Structures are given as C-alpha cells and as structure tokens.
Amino acid sequence: MTPQDGHTIAAAAPSPTSRARLKLIDCDVHHALRSSKDLLPYMASRWHSHLEDFGRRRPVPFTAASPYPKTAPALSRTDSWPPNGGPPGSDLVFLQEQLLDPYNIEYGMLHLLMSGMDERNQDLGNATCSAINDWQHEHWTQKDRRLKAAIVVPGEDPPATVREIERWAGNPDFAQVSLVTHAIEPLGRRRYWPIYEAAAALGLPIGLHSSGNNGHAVTSAGWCSYYVEEQHNVALSQQNLAISLVCEGVFERFPALKAVIVEAGFVWVPSVAWRLDQHWARMRGEVPHLTMKPSEYFRRNIWYTSQPADEPEKPEYLRQSLDWLGWDRLLFATDYPHWDMDSPEQAFKFRMTEAEQRQVFAENARAVYGLA
Amino acid sequence: MARHIVASAGEIPPGGRKLVTVRGREIGIFNQGGAYFALLNRCPHQGAELCKGTLIGLATSRGPGHFELTRRGEMLKCPWHGWEYDIRTGQSWCDPNDTKVRAYPVTVISGEALVQGPFIAETFPVAVEQDYVVIDV
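So, here is what we can say about the structure in this document. (Residues numbered from 1 in each chain as written. Chains lettered and ligands numbered in written order. Predicted model: local features only at pLDDT ≥ 70, side-chain atom pairs only at ≥ 80, totals over all residues.)

1. Brief notes about the overall build of chain A
Item 1. Looking only at helices and strands, chain A has 12 helices and 8 strands in total.
Item 2. The C-alpha radius of gyration of chain A comes to 21 Å, within 12% of the 21 Å expected for a compact globule of 372 residues.
Item 3. Oriented by its inertia axes, the alpha-carbon framework of chain A measures out at about 75 × 60 × 45 Å.
Item 4. Each of the 372 residues in chain A was classed as buried or not, and the buried ones make up 42%.
Item 5. Taking the contacts inside chain A whose residues are at least 6 apart along the sequence as the reference set, 81% of them involve residues at least 24 apart. (Helix = DSSP H or I, 4+ residues; strand = E, 2+ residues; numbered from the N terminus. Rg over C-alpha atoms; globule rule 2.2 N^0.38 Å. Buried ≥ 20, exposed ≤ 12 C-beta atoms within 10 Å, placed from the backbone. Contact = placed C-beta atoms within 7 Å.)

2. Notes on the packing of helix α7 (residues 227–247) of chain A against helix α9 (residues 268–283) of chain A
Angle between the axes and distance between the axes: these two values describe a pair of packed helices.
Residue and element names in this part refer to chain A.
Item 1. Where α7 contacts α9, the axes come no closer than 11 Å and their chain directions differ by 40°. With respect to α9, the axis of α7 lies oblique. Our pair here, α7 against α9, has a crossing hand that is right-handed. In this structure, α7 contributes Ala 235, Gln 239 and Ile 243 to the contact, and α9 contributes Trp 268, Val 272 and Leu 276.
Item 2. Here the residues of the contact of α7 with α9 are counted per class, giving 5 nonpolar, 1 polar and no charged. (Axes fitted to C-alpha atoms, helices over the stretch in contact; angles between N-to-C directions. Parallel < 35°, antiparallel > 145°, perpendicular 65-115°, else oblique. Left-handed = near helix turned anticlockwise from the far one by under 90°. Nonpolar A, V, L, I, M, F, W, Y, C, P; charged D, E, K, R; others polar.)

3. Notes on the environment of Leu 318 of chain A
Residue and element names in this part refer to chain A.
Item 1. With respect to the helices, strands and loops of the structure, Leu 318 is situated in helix α11 (residues 316–325).
Item 2. Judged by C-beta crowding, with 20 C-beta atoms within 10 Å, Leu 318 ranks as buried.
Item 3. For the pair formed by Leu 318 and Ala 183, sequence separation is 135 residues and the distance between their alpha carbons is 31 Å.
Item 4. For Leu 318, the residues in contact, after removing those within four places along its chain, are Asp 310, Pro 312, Phe 348 and Phe 350.

Remember that the coordinates give geometry; whether it matters functionally is a separate question.
Right, dumping it as structure tokens:
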C-alpha cells in the first residue's frame with residue numbers, strides 16, 4: 001500500500017522542554033463563583049433579603065447580556081468546564097489539574113471578574129467586596145498556597161476601600177489590590193488617591209484587569225457592533241487609564257506605587273510613551289506636576305501581563321517590542337480558563353534566552369509582588 | 001506507515017467522533033454524513049486538544065449585509081481560541097497556507113478483507129461479516 005502522507009503541522013512550535021522546566025508565575029488566573037449564592041455566608045442577613053427583593057444595580061448596557069462573554073460560553077475554553085459541575089474556574093481541584101500542576105506554576109495571581117465596585121448601591125457594593133475577599137481567602141488561597149488573591153475593593157468609595165485594604169494588610173494570601181478599570185472617572189483622578197496612598201504605603205500593587213461597567217462605551221468612539229472590535233477596544237481603554245494615572249500625577253505623588261495592567265497587551269506601550277513624551281515636551285507648562293517625561297513613569301511604575309501575546313507575522317517583531325518596552329516590565333499570564341488563554345509552552349513563537357525566560361515567566365512577577 | 005483498525009463502521013454515528021491513540025498519537029476520527037476523516041488531536045496554534053472542539057458550519061459572505069452558512073458540521077473549531085479547520089483536509093480557514101493539522105487517510109474495509117491482512121488490529125476483534133474504519137498512520 002502506498003504511504004499517503006497527510007498534511008504536516010506547518011506552524012513551528014518552539015521546543016516546550018526548556019520552558020517546561022521553569023517554575024512559572026501566572027499573573028492572570030480566573031477563579032469563579034459556582035453561584036452568586038456562594039457569597040451569602042459572608043454577607044449580613046440584610047443583604048440576603050435585599051438581593052432577593054431588589055437585586056443588584058449595575059450600569060450594564062445590554063439588558064440581557066454582559067458586554068463581555070461573546071465568543072464561548074462563560075468566556076472560557078470549551079474544555080475547561082469542571083467534570084463535577086459549576087462554571088469554568090469554580091472547581092479548585094480541576095484548576096489544579098488543568099493549570100497549576102501540568103504547567104509547573106509556582107504562584108497563580110487570582111483575578112475574579114466580579115466586583116462590588118461597579119454596584120450602584122454602595123453599601124451593597126462594599127458588602128459584596130468584603131464577602132468576595134472572605135470567600136477567596138477561605139476557599140482558594142487557604143486551600144492552595146500557590147494561589148494569591150487580589151483584595152477586591154469598592155473603589156468608588158475610597159474610605160471603605162481603605163478599610164477593606166487594611167483588613168487584609170499583611171496577610172500574604174493577598175498580593176495586590178484590584179480595581180475595576182471601567183470606573184466612573186479615569187482612575188488617575190484625585191478621588192481615587194486615598195486608595196493609592198494606602199496601597200503604596202503597604203507595598204501592594206494595584207491590579208488593573210479589564211473589568212466592570214460604568215455605563216460608558218468601552219471605546220471613546222462610541223458603542224461598537226462586534227465583539228471582535230470590543231476585544232481590541234478594551235486594550236484602548238486600558239491605555240486611557242495608564243495615561244490618566246501618569247498625567248494626573250499619581251506616580252509623582254506616590255512614587256512607590258506599582259500598577260499592573262492585566263490583559264491589555266503591551267506592544268502599544270512604547271508608542272504611547274513616545275507620543276506622550278513628545279506632547280509633554282511641548283505642553284509641559286500645563287502639567288508642571290510631572291517632573292519626569294511620561295515615559296519614565298511608564299518605565300518606573302507600570303507593569304503589563306503578557307496574555308494575549310501578540311502574534312505578528314514575524315515572531316521576531318515581538319522581541320523588538322519587548323526591547324522597546326523593557327524586559328523587566330512583562331509578567332507572564334495564561335488567563336486560564338478563558339478562551340483566549342496563552343499556553344506557557346506556545347506563546348511567544350520566538351526563541352528567548354534562559355535569562356529572558358526567567359525574567360518574563362517568573363522573576364519580574366516575583367519582584368513586583370514581593371513573592372518569596 | 002501501517003493501517004490500523006480503529007472502529008467498527010456502525011460505532012461512530014454521522015456527526016459523531018471517536019478519539020483513538022495510534023502509535024502514540026491521539027487522533028480524532030469523524031463521521032461526516034457517512035464519510036470518515038481523521039485529524040491529529042493537537043491544534044498547531046497553541047497545542048490544545050483540537051478534536052474535542054465543536055463541529056460548526058462555514059460562515060461566509062459576499063459583502064456586508066449578506067451571509068451564508070454552508071458545509072454544516074465540516075469545520076472543527078478549537079476549544080481554546082476558536083481557530084477553524086476543515087475536517088476533510090486539516091486546513092486552517094484563516095491561515096490556509098501556513099497552518100495545517102495533520103490529516104490521515106481513512107477507509108472503510110470489510111471484515112472479510114481485513115482478516116486477510118496485513119493490518120494492525122490493536123486489540124480490536126474483527127468479525128468477517130462487519131465493516132471497519134481503518135486509518136493509515
């Protein structure tokens with residue numbers, strides 16, 4: 001019989017062996033509630049009846065849909081539904097089996113996509129954030145020491161936020177403070193500064209994962225029609241946020257503050273910084289509180305998670321982008337279990353030296369989060 | 001390269017699939033309206049288990065405002081990033097020149113012919129009166 005060769009796998013896969021040996025720090029892992037009822041044990045009984053009688057009031061634009069999960073159920077890999085039920089990310093054992101164990105993950109930084117920050121009823125929002133943190137602590141970080149939570153805070157109520165940060169301060173299970181990025185005002189505004197003051201004083205980075213609703217379109221060009229547009233536009237909204245933090249002078253007032261921009265790309269950073277520097281050189285008199293070039297704040301105070309890593313036609317272009325960005329700025333992330341997850345063995349289709357790998361896949365994150 | 005018996009003909013219903021391991025490779029066998037196709041269970045993009053993906057149709061358009069859904073059940077959508085592959089060829093729809101999943105030839109052969117060999121039946125019992133799905137690996 002004639003051997004009839006089928007098609008070959010043409011996409012060059014980098015050798016997984018060298019990366020597989022690495023211990024990784026995954027800077028974007030999504031756990032999930034099995035049900036919103038999971039939070040009730042941590043909420044006063046007043047809220048139990050309130051949630052039944054009135055529910056939540058979120059400024060969500062589409063009446064029957066969140067603006068996000070569009071391409072796959074629960075926004076997730078279709079193979080990530082736990083065999084014992086519940087949505088993707090809700091079963092610790094399955095998360096260990098599918099993510100932490102096979103990829104040799106030393107630490108996984110948890111980002112819950114739910115927050116109380118965009119709840120209009122601020123008392124309910126505050127109670128929700130506190131309940132989320134209690135739940136994260138009991139059911140995730142205490143059960144697997146590799147997992148580190150973010151303190152979820154009601155950022156539109158800074159005094160309540162500071163109280164919640166201080167409630168967990170010093171607890172090694174919490175590695176950062178999480179704000180929703182679609183806030184009522186750009187996050188550089190002074191109303192949010194008490195949060196930054198508390199976080200900087202405690203050495204906790206601010207984790208900024210695209211999330212939340214503020215009633216505005218994700219893009220300043222208006223409401224987009226397609227998810228394929230929005231998937232990109234959330235990155236633009238994060239650029240606006242970074243520019244706000246820099247230009248309002250947050251990092252001038254709190255030079256030790258660290259901001260981690262999660263899941264918004266990183267190739268845009270050099271060009272945004274170049275343009276801002278150019279504007280600053282001409283309009284510095286408008287923002288005399290900025291004593292350095294905008295790019296210097298980007299280089300000193302902001303880090304970026306890697307996923308979804310861009311896939312340029314020539315993989316080497318990504319290396320150039322990293323040279324411009326600074327290799328110490330990038331924190332590897334999978335985004336498990338979401339549909340656009342990056343595999344540590346397959347993301348970045350260009351060769352990195354061992355030293356570069358150690359930086360991107362672990363050591364940058366270890367330094368930012370002060371992990372042992 | 002050898003021929004491997006991987007299923008009896010009635011075992012995989014139309015629209016169904018079976019995952020098999022042949023010579024260390026995980027391979028998905030698909031029955032598309034009575035025709036069989038076999039693809040390696042690994043997405044060339046980031047290595048997901050491709051053959052556990054959803055079988056979908058091909059959405060095409062001759063311009064904004066028009067769309068057609070054709071070839072229902074013939075495109076395999078990766079469980080992770082949703083890359084679409086033609087189950088007949090393993091070819092990627094969005095990157096047909098550079099990205100292909102390895103596809104294996106599949107034939108249906110009668111048990112009577114099979115017992116004459118040379119075939120590798122793994123541990124598959126072969127009955128003369130039945131037909132079998134055979135792949136070349």
